[in-house]
Amino acid sequence: QVQLVESGGGLVQAGGSLTLSCAASGSIFSINTMGWYRQALGKQRELVGAILSGGSTAYADSIKGRFTISRDNAKNTVILQMNNLEPEDTAVYYCNLKTKRAGEPLYDYWGQGTQVTVSS
């Protein structure tokens, strides 16, 4: 079992910055990906960014150049630095962990979500 605890959401004006943090605890295997998804009101949940245990990253096109994802493997923590925020970034942001052992099924865990609101 894995627990994900998120922090750092809030209200910010357009052009501002926020940092989201997610700490994972529990049975985390060496093969894992940590990431952030978001879900705006009335829309489907979408990937914002993800980072593999080896450090490779992937980002949604809509946030490239504005958001940066990083991780601390020793602390099982993933950070999402969000700069130059836009009203369209308003959503509930969810931390996600995917982890597996070689040859076994993938386990998929979610945080409780943190609200990010960007005012114009």
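Residues numbered from 1 in each chain as written. Predicted model: local features only at pLDDT ≥ 70, side-chain atom pairs only at ≥ 80, totals over all residues. Heavy atoms only, no water.

Engineer: Looking at this structure, I do not really get unusual backbone geometry. What am I missing?
Structural biologist: With the exception of glycine, most residues fall at negative phi, and the peptide bonds are largely trans. Look at Asn76: it is not a glycine, yet its phi comes out positive at around 50 degrees. Along the chain, the position of Asn76 falls in the loop between strand S7 (67-72) and strand S8 (77-82). (Helix = DSSP H or I, 4+ residues; strand = E, 2+ residues; numbered from the N terminus.)

Engineer: Explanation requested: the pattern of salt bridges in the structure shown.
Structural biologist: Proximity of charged atoms lets side chains of opposite charge pair with each other. The tally for this structure, following the rule as stated, stands at 6 salt bridges. Residues Lys98 and Asp108 are paired through a salt bridge, measuring 3.2 Å at the closest nitrogen-oxygen approach. Of this pair, Lys98 sits in strand S9 (residues 91-100) while Asp108 sits in strand S10 (residues 107-110), placing them 10 residues apart in sequence. Assessed through its relative accessible area of 22%, Lys98 is described here as partly exposed. Residues participating in the shared-partner salt-bridge network are Arg38, Glu46, Arg66, Glu86 and Asp89. (Salt bridge = Lys/Arg side-chain N within 4 Å of Asp/Glu carboxyl O. Buried < 20%, exposed > 50% of the residue type's maximum accessible area, 1.4 Å probe, protein only.)

Engineer: Can you walk me through the state of the cysteines in this structure?
Structural biologist: Cysteine pairs can be linked by a disulfide, which is a covalent bond between their two sulfur atoms. Counted by the stated rule, this structure contains 1 disulfide. Put simply, Cys22 and Cys95 are joined by a disulfide, and their sulfur atoms are 2.1 Å apart. Looking along the S-S bond of the Cys22-Cys95 disulfide, the torsion reads about -85 degrees, which is the left-handed sense. Of the two residues, Cys22 sits in strand S3 (residues 18-26) while Cys95 sits in strand S9, which places them 73 residues apart along the sequence. We note that Cys22, like Cys95, is buried. (Disulfide = S-S within 2.5 Å.)

Engineer: I'm lost on the sheet that holds S7 in this one. Help?
Structural biologist: Through backbone hydrogen bonds, the strands of a sheet pair up, either in parallel or in antiparallel fashion. On the basis of which strands lie adjacent, the open sheet formed by 4 strands has the order S1-S3-S8-S7 and antiparallel pairing. With one partner strand each, in any of the chains shown, strand S1 (2-7) and S7 form the two edges of the open sheet. Mean inter-strand twist for the sheet, computed between neighbouring axes without regard to direction, equals 15 degrees. (Pairing = 2+ DSSP bridges. Axes fitted to C-alpha atoms, helices over the stretch in contact; angles between N-to-C directions.)

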